[in-house]
Amino acid sequence: QVQVEESEGGLVQPGGSLRLSCAASGSLLSIYAMGWYRQAPGKQRELVATKTSGGTTYYADSVKGRFTISRDNAKNTASLQMNSLRPEDTGVYYCKVRGVTKLSTEPLDYWGQGTQVTVSS
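Heads up: these notes are all about the structure in this document.

Okay, the environment of Thr77 next. Within the fold, Thr77 resides in strand S8 (residues 77–82). Among the residues examined, Thr77 registers a relative accessible area of 23% and is labelled partly exposed. Linking Thr77 and Glu5, residues 72 residues apart in sequence, is a C-alpha distance of 9.5 Å.

What follows is the structure, given as structure tokens:
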């Protein structure tokens with residue numbers, strides 16, 4: 001089994017900062033990528049940022065220049081530093097891990113339970 005755990009989000013004022021962390025554990029043999037998604041009320045889940053084990057990063061246009069994703073490949077962890085937060089950044093943030101286990105011949109996606117981030121004054 002694979003476990004994906006996110007740190008707690010929180011309530012932040014507009015313009016503030018927040019850092020989310022994610023840790024993957026369990027029967028993973030190899031992680032291809034770790035990333036963050038978010039889902040606002042009434043909207044579909046969207047990709048925020050992702051980083052491959054090789055270091056390639058991707059950011060949604062809406063967060064470029066404000067969010068930074070980092071990874072520690074040795075520890076199977078990822079973090080999302082969020083600066084200059086806006087009310088539209090509000091949502092449930094999910095960590096996703098794409099990896100291979102002993103039971104899977106192809107990489108599969110494993111999700112955390114999500115953590116609420118609210119940006120409001």
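Moving on: the sheet that holds S8. As summarised here, the arrangement of the 4 strands in space is S1-S3-S8-S7, forming an open sheet in which the pairing is antiparallel. One side of each edge strand has no neighbouring strand; the edge strands of this open sheet are strand S1 (2–6) and strand S7 (67–72). On average, each strand axis in the sheet is tilted by 15° relative to the strand beside it, whichever way the strands run. Across 5 bridges, S1 lies against strand S3 (residues 18–26) in antiparallel orientation. Bridge pairing links Glu5 to Ala23 in S3.

Okay, the pairing of S8 next. Relative to S8, S3 runs antiparallel, the two being bridged by 6 bridges. The residue bridging Ala23 from the neighbouring strand is Thr77, located in S8. In this sheet, S8 lies alongside S7 in antiparallel orientation, the contact comprising 6 bridges. Paired with Asp72 across the bridge in S8 is Thr77. In this antiparallel pair of consecutive strands, S7 and S8, the connection spans 4 residues, and Asn76 shows a positive phi of 55°.

Criteria and cut-off values
Residues numbered from 1 in each chain as written. Predicted model: local features only at pLDDT ≥ 70, side-chain atom pairs only at ≥ 80, totals over all residues. Heavy atoms only, no water. Helix = DSSP H or I, 4+ residues; strand = E, 2+ residues; numbered from the N terminus. Buried < 20%, exposed > 50% of the residue type's maximum accessible area, 1.4 Å probe, protein only. Pairing = 2+ DSSP bridges. Axes fitted to C-alpha atoms, helices over the stretch in contact; angles between N-to-C directions.

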